[in-house]
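Descriptive structure summary
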There are 2 protein chains.
Amino acid sequence: MSATTTAPDLDQLVAAASAAAPAMARATGEQRARWLEAVADALDAAGGELVPIAIAETHMPEARLTGEVARTTGQLRLFAAVVRDGGYLEAIIDHARPDATPPQPELRRVLVPIGPVAVYAASNFPFAFSVAGGDTASALAVGCPVVVKAHPGHLELSRRTADVVRAALAGAGAPDGAFGLVEGLEAGRDLVQHPAIKAAGFTGSLHGGRVLFDLANGRPAPIPFYAELGSVNPVVITPAAAAASAAQLASGLVGSFTLGAGQFCTNPGVVLVPAGAGLEDAVAEALGAAKPAPLLNGRIEEGFHAGLEALTGHASVEVIARQGEGATDEVPAPTVLATTAAAVVADPDTLLAECFGPVTLLVRYADEAERDAVLGSLEGSLTATVHAAPGEDVRALAETLSGLAGRVLFGGWPTGVAVTWSQHHGGPWPATTSIHTSVGATAARRFQRPVVFQDAPASVLPPALQDDNPLGIPRRVDGTLVVG
Amino acid sequence: MSATTTAPDLDQLVAAASAAAPAMARATGEQRARWLEAVADALDAAGGELVPIAIAETHMPEARLTGEVARTTGQLRLFAAVVRDGGYLEAIIDHARPDATPPQPELRRVLVPIGPVAVYAASNFPFAFSVAGGDTASALAVGCPVVVKAHPGHLELSRRTADVVRAALAGAGAPDGAFGLVEGLEAGRDLVQHPAIKAAGFTGSLHGGRVLFDLANGRPAPIPFYAELGSVNPVVITPAAAAASAAQLASGLVGSFTLGAGQFCTNPGVVLVPAGAGLEDAVAEALGAAKPAPLLNGRIEEGFHAGLEALTGHASVEVIARQGEGATDEVPAPTVLATTAAAVVADPDTLLAECFGPVTLLVRYADEAERDAVLGSLEGSLTATVHAAPGEDVRALAETLSGLAGRVLFGGWPTGVAVTWSQHHGGPWPATTSIHTSVGATAARRFQRPVVFQDAPASVLPPALQDDNPLGIPRRVDGTLVVG
């Protein structure tokens, strides 16, 4: 079994996806909801077979992977609910106004599937951001065929998951070609440049993502490339919070930045701590509870050690604590570093760079001016967190953090990403490349485009736009939103 | 008065826009609605002064320009209504579910302004797609400062319009820096690359737009570049329609493709006609009612004559009719060309290229297979139109045309674009560069990005997300859409 999809095989898969697109677009929402539920059921049933493969390929613990299967199938079922609700179609109807100046025709707008979608799987969530993950679920939900580029870090799992997905889709009546899988670097590059591919979703490194982003935009006919690339997820701890609960904050931080060996895109990598508040000692102590855990693959290992070296090599950086027992290159020691606000402002490129793995950098600030200077040096992130004392006024801070990230947390830690209607997993570059999310119900919007029908006969209108609203969906009619 | 904004002046304008952004984001929807209405009122009042300047600079007739002022102010008022409605905020609230596995935090999502927006004005709508046009209105509506790059084809009008806009915004209490104007090619290139600019809107040529699109995507931190670039707006006439109303179709087509000297982005440039149905003679006759009209500027003249030469130089192309009386290079003859489906399929790059000006190409098809082959050779368009006989089954055709364009017309002609809640003015590349529209209420979505607040104290929540819904806006709460 070769790990590289040949160009003719890729062409054939994309051609099959293209051929499936019209039937998928015509399928009712109820049909597509059932496809998603069939995939979810099949994955739940296959968990006992898939999880051991995932353990072998990713070195992740069983409990984490079992939980991730549940997250993945929950995600598929959320999109089934989204499709049944129908609000995702954004139906808008304006009746004709023949007496207006100039006269207005009848216009009826609905979102339609954008066409075949390429999905680039991530290494760090072998289920939830991989073959049957959120990108795949949201694309299938709105009626787009999907061709997944497997991550080389879990190829066997990808193949087996793809078998499960294909069989479930076929069993639920989805058209042939609705789903395909390709492997290999060349196939990944070819896929995003294939004329029949109309959009792409990607979760991975800034470097790899930028290469594909540039290819997508450099096409003769560019396509949207929705990528989640990199994020340091700043955390701000106020002096009052530090004074009130240093030990609790320290153990929360350690739990978050070492979760999954620090290989979460929402890992809190930069923590602004009030100088002299004793948080460093508390974090050093809390780190004693952490255990080194294996990194996912050689590429991540290399990146982590190079990033850590760049940080520790900086004159301003101190190593506060390393939990080194049993650490190796493959299973590195969770590490807490510290520097000053002044150093960060002077050299943000070095000190605020993402280091993907179990490390966090405490940045000591003396006052609000220093704190805000550090925040002003940050690029976009997926999340930003503030820990304040109860009742403390954090309005100005909330406004600043809203400008930096797509999710602002008040208390808590960013490494959990709930899959809900409102979730937004995105943020200003380099967190993501677009104004859309890759997690939560609104992720579906990425793979739809609007079409408006002008003065159409009733016979051509899709059910979403018919006068009697047979789907019972929310619609805006002559400017007024009407629920079902 | 120099026609080029210097780099320091541009920096200063963008800095002022950046400085205005937080106050604009904090302004209530009602405040922003009043800014827009103040601009609309001021433009209505200034029409008598502005229209003569526009006539002198663009050679357009007074009635057209007066109507365009009304369109522009109507657009500003539509966005005021959009802002007051509040649905554009896409507020979604998910209450906490502490008993879920894993427990879910409280999440509240809202759209916030993306930041300072660059707007590139078009030549062919000196009001409605220029300084105070739809891009500017939709950006201001959601709270984004705007820096407009003036079109050199109507510089004096741009400056005077900008004066009116600035004064109206200041009078209505908008912050300084909310609006700025720059001039010159270099300023245009610098603007889209300025780090403080967070998105851009553009209407213009494929060539110029592609240059700026590439600059926007090539930035260290890329930004969305929403551009409307080029469109041939195919029209399909069925044999039954041709048989029933050839003369009426011919005069409708002539009226549409010669409107504004053919300089509309929705100009019907390619018309699929049944072979031997007599439509060519009817169109030739109808062309007798057309009058040559001046083109907007030298660049468009050059492009038009080169495009026309490429078409007429093609061995398959016949000139069906030219309405040549009084024609010059600057005031060219409206021209009807014809070719065959086979020729188009063999050389779509030449025959289906947009030729911006008063020309249309009739493509004779013998049967549905030929018709569909031509449709399959087309790139994306803003519009696609079908003329069928009453009761004729056009479902398959509607599906094909929906894949080609963002607006599908059943009867009528594409050159009117109603500004309504449902309008979609966009389509697959090269019609536009995104899945969003530049006309209609949903154009505002381009300049917003989502932020979700996790477990936020009530004191930091914007009104849109507060429990008692003080704005009375539509929101989705725990998965259920609630109107006001």
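Please read all numbers here as calculations on a predicted model, not as lab measurements.

Points about the overall build of chain A
Check the secondary structure of chain A and you find 14 helices and 17 strands. For 484 residues, the compact-globule estimate of 2.2 N^0.38 gives 23 Å, and chain A sits close to it at 24 Å. Summarising its shape, the C-alpha atoms of chain A cover approximately 70 × 60 × 40 Å along the three principal directions. Taking all 484 residues of chain A together, 60% fall into the buried category.

A short note on the side chain of S422(A)
In this fold, S422(A) is placed in the loop between β14 (405-410) and β15 (448-454). A distance of 3.5 Å separates a polar atom in the side chain of S422(A) from the backbone oxygen of L107(B). Leave out the neighbours within four places in its chain, and S422(A) touches I92(B), D94(B), L107(B), R108(B), R109(B) and V452(B).

Details of the sheet that holds strand β6 (residues 199-203) of chain B
Residues and elements named next belong to chain B. Within the open sheet, the 5 strands sit side by side as β5-β4-β3-β6-β7. Their pairing is parallel. The open sheet has two free edges, formed respectively by β5 (179-182) and β7 (225-228), since each of these has just one partner strand. The average undirected angle you get between the axes of adjacent strands in this sheet is 15°. Bridging between strand β3 (residues 117-120) and strand β4 (residues 146-149) involves 4 bridges; their strand directions are parallel. Bridge pairing in β4 links V119 to V148. Most of the contacts of helix α1 (residues 7-26) go to β5, to which it runs at about 160°, and overall it touches β4 and β5.

Some points on the interface of chain B and chain A
On the chain A side, the residues contacting the 67 residues of chain B number 67 residues. Counting each side, the surface lost to burial between chain B and chain A is near 5,300 Å², with a carbon and sulfur contribution of 58%. Across the chain B-chain A interface, the total number found is 4 salt bridges. A salt bridge links E399(A) to R26(B); the shortest N-O distance between them is 2.7 Å. At the surface where chain B touches chain A, the tally comes to 35 residue pairs in polar contact (both at pLDDT 80 or more). Secondary-structure elements contributing two or more residues to the side of chain B that touches chain A are α1, β1 (91-94), β2 (107-113), α7 (206-218), α14 (395-404), β14 (405-410) and β15 (448-454) of chain B. Among the elements that take part in the side of chain B that touches chain A, β15(B) stands out by supplying 7 residues, more than any other. By residue class, the composition of the side of chain B that touches chain A is 33 nonpolar, 17 polar and 17 charged. In this structure, β15(A) lies alongside β14(B), joined through 3 bridges in parallel fashion.

Focus on the packing of helix α2 (residues 29-58) of chain B against helix α3 (residues 62-85) of chain B
All names here are of chain B. Interaxial distance between α2 and α3 falls to 9 Å at its minimum, and their mutual angle equals 170°. Considered as vectors, α2 and α3 are oriented roughly antiparallel to each other. Here the contact of α2 with α3 is built from residues that sort into 14 nonpolar, 5 polar and 9 charged.

Comments concerning the state of the cysteines
On inspection of all chains with the given rule, the structure shows 0 disulfides over all chains. The thiol of C355(A) is unpaired, and the distance to the nearest cysteine sulfur, on C265(A), comes to 15 Å.

Here we look at the relation of the copies chain B and chain A
Copy one and copy two of the chain differ by a rotation about a common axis and a shift along it. Of the two same-sequence chains, chain B is brought onto chain A (RMSD 0.0 Å, axial shift 0.0 Å) by a rotation of 180°. Both copies are brought into coincidence by an operation consistent with a two-fold rotation axis. A share of 100% of the interface residues of chain B reappears at the interface of chain A, consistent with the copies meeting face to face through the same patch.

Points about the side chain of N217(A)
For N217(A), the position within the fold is in helix α7 (residues 206-218). Classification of N217(A) by relative accessible area gives buried; the value is 9%. Excluding anything up to four places from it in sequence, N217(A) contacts P222(A), I223(A), R210(B), F213(B), D214(B) and N217(B).

Let's talk about the UniProt feature "domain: Aldehyde dehydrogenase" (unreviewed entry) in chain A
Per the UniProt record, the feature "domain: Aldehyde dehydrogenase" (unreviewed entry) sits at residues 5-420 of chain A. Measuring from the first to the last C-alpha atom of residues 5-420 of chain A gives 35 Å, for a span that is 47% helix and 17% strand.

Description of the domain arrangement of chain A
Residue and element names in this part refer to chain A. Once the domains are mapped, chain A shows domain 1 (7-229 + 432-482) and domain 2 (235-410). Counting residues at the interface gives 11 residues for domain 1, matched by 12 residues for domain 2. For the domain 1 and domain 2 pair, buried surface summed over both sides reaches about 810 Å², with 62% attributable to carbon and sulfur atoms. The three residues of domain 1 that bury the most area against domain 2 are H59, N124 and E228, which together make up 45% of that side's buried surface. At the surface where domain 1 touches domain 2, the tally comes to 1 residue pair in polar contact (both at pLDDT 80 or more).

As for helix α2 (residues 29-58) of chain A
Residues and elements named next belong to chain A. Compared with an ideal rise of 1.5 Å per residue, which puts 30 residues at 44 Å, α2 spans 36 Å between its outermost C-alpha atoms and falls more than 12% short. The sharpest bend along α2 measures roughly 65° and falls at G47. Directly beyond the C-terminal end of α2, a positive phi value near 65° is found at H59.

What to know about the environment of S205(B)
All names here are of chain B. Position of S205 relative to the elements: it lies in the loop between β6 and α7. Exposure remark for S205: the relative accessible area of 42% places this residue in the partly exposed category. Taking C-alpha positions, S205 is 28 Å from A250, a pair spaced 45 residues apart along the chain. Among the polar contacts made by the side chain of S205, one reaches the main-chain amide nitrogen of G208 at a distance of 3.0 Å.

Considering the sheet that holds strand β4 (residues 146-149) of chain A
Residues and elements named next belong to chain A. Ordered by their spatial adjacency, 5 strands build an open sheet running β5-β4-β3-β6-β7, and the pairing between neighbours is parallel. On the outer flanks of this sheet lie β5 (179-182) and β7 (225-228), each paired with one strand and no other. Neighbour to neighbour, the strand axes of the sheet diverge by 15° on average, direction disregarded. With 4 bridges connecting them, strand β6 (residues 199-203) and β7 associate as parallel partners. Across the sheet, residue A200 finds its bridge partner in β7, namely F225. Lying over the sheet, α7 contacts β3 (117-120), β6 and β7, oriented at roughly 170° with respect to β7.

Observations regarding the pairing of strand β9 (residues 270-274) of chain B
All names here are of chain B. With 5 of 5 residues buried, β9 lies mostly within the body of the structure. Because side chains alternate across β9, one face comprises the buried residues V270, L272 and P274, and the other comprises V271 and V273, equally buried. Pairing between strand β8 (residues 235-237) and β9: 2 bridges, direction parallel. Of the residues in β9, the one forming a bridge with V236 is L272. Once the chain exits β8 it traverses helix α8 (residues 239-258) before rejoining the sheet at β9, and the crossover so formed is right-handed. Judged from the 5 bridges that link them, β9 and strand β12 (residues 359-365) form a sheet pairing that is parallel. Residue pairing for β12: L272 is matched across the bridge by V363.

Remarks on the pattern of salt bridges
Residues and elements named next belong to chain B. Summed over all chains, the structure comprises 48 salt bridges over all chains. Between D44 and R77 there is a salt bridge whose closest N-O contact spans 2.9 Å. In this pair, D44 sits in helix α2 while R77 sits in helix α3, placing the two residues 33 residues apart along the sequence. A relative accessible area of 37% places D44 in the partly exposed class. Since its relative accessible area comes to 31%, R77 is described here as partly exposed.

Examining the packing of aromatic side chains
Residue and element names in this part refer to chain B. Counted by the stated rule, this structure contains 18 aromatic pairs over all chains. Between F202 and F225, the aromatic rings sit 5.7 Å apart at their centres with planes inclined by 35°, giving tilted as the arrangement. Here F202, found in strand β6, pairs with F225, found in strand β7; they are 23 residues apart in sequence, far enough to count as distant. For F225, a relative accessible area of 4% translates into the label buried.

Some thoughts on unusual backbone geometry
Peptide bonds are, in most cases, trans, and in most cases residues other than glycine have a negative phi. Across the junction of T101(A) and P102(A), the peptide omega takes the value -10°, indicating a cis bond. A positive phi angle is found at A261(A), which is not glycine, with a value near 55°. Its location among the elements puts A261(A) in the loop between α8 (239-258) and β9 (270-274). On the basis of relative accessibility, which here comes to 6%, the residue A261(A) falls in the buried class. Here the phi dihedral of H59(B) falls at roughly 65°; this positive angle occurs in a residue that is not glycine. Position of H59(B) among the secondary structure elements: in the loop between α2 and α3. For H59(B), a relative accessible area of 43% gives the class partly exposed.

Reading the values: the criteria
Residues numbered from 1 in each chain as written. Chains lettered and ligands numbered in written order. Predicted model: local features only at pLDDT ≥ 70, side-chain atom pairs only at ≥ 80, totals over all residues. Heavy atoms only, no water. Helix = DSSP H or I, 4+ residues; strand = E, 2+ residues; numbered from the N terminus. Rg over C-alpha atoms; globule rule 2.2 N^0.38 Å. Buried < 20%, exposed > 50% of the residue type's maximum accessible area, 1.4 Å probe, protein only. Polar contact = N/O pair within 3.5 Å; in protein donor to acceptor, adjacent residues only side chain to side chain. Contact = heavy atoms within 4.5 Å. Pairing = 2+ DSSP bridges. Axes fitted to C-alpha atoms, helices over the stretch in contact; angles between N-to-C directions. Buried area = accessible area lost by both parts, 1.4 Å probe. Salt bridge = Lys/Arg side-chain N within 4 Å of Asp/Glu carboxyl O. Nonpolar A, V, L, I, M, F, W, Y, C, P; charged D, E, K, R; others polar. Parallel < 35°, antiparallel > 145°, perpendicular 65-115°, else oblique. Disulfide = S-S within 2.5 Å. Least-squares fit on C-alpha atoms with pLDDT ≥ 70 in both. UniProt positions renumbered as here; feature names shortened; annotations may be inferred. Domains from an automatic or database assignment. Expected span 1.5 Å × (residues − 1). Bend = angle between axes of the 7 residues up to and from the residue. Right-handed = clockwise from strand over helix to strand, strands pointing away. Phe/Tyr/Trp six-rings, centres within 6.5 Å; stacked < 30°, edge-to-face > 60°.

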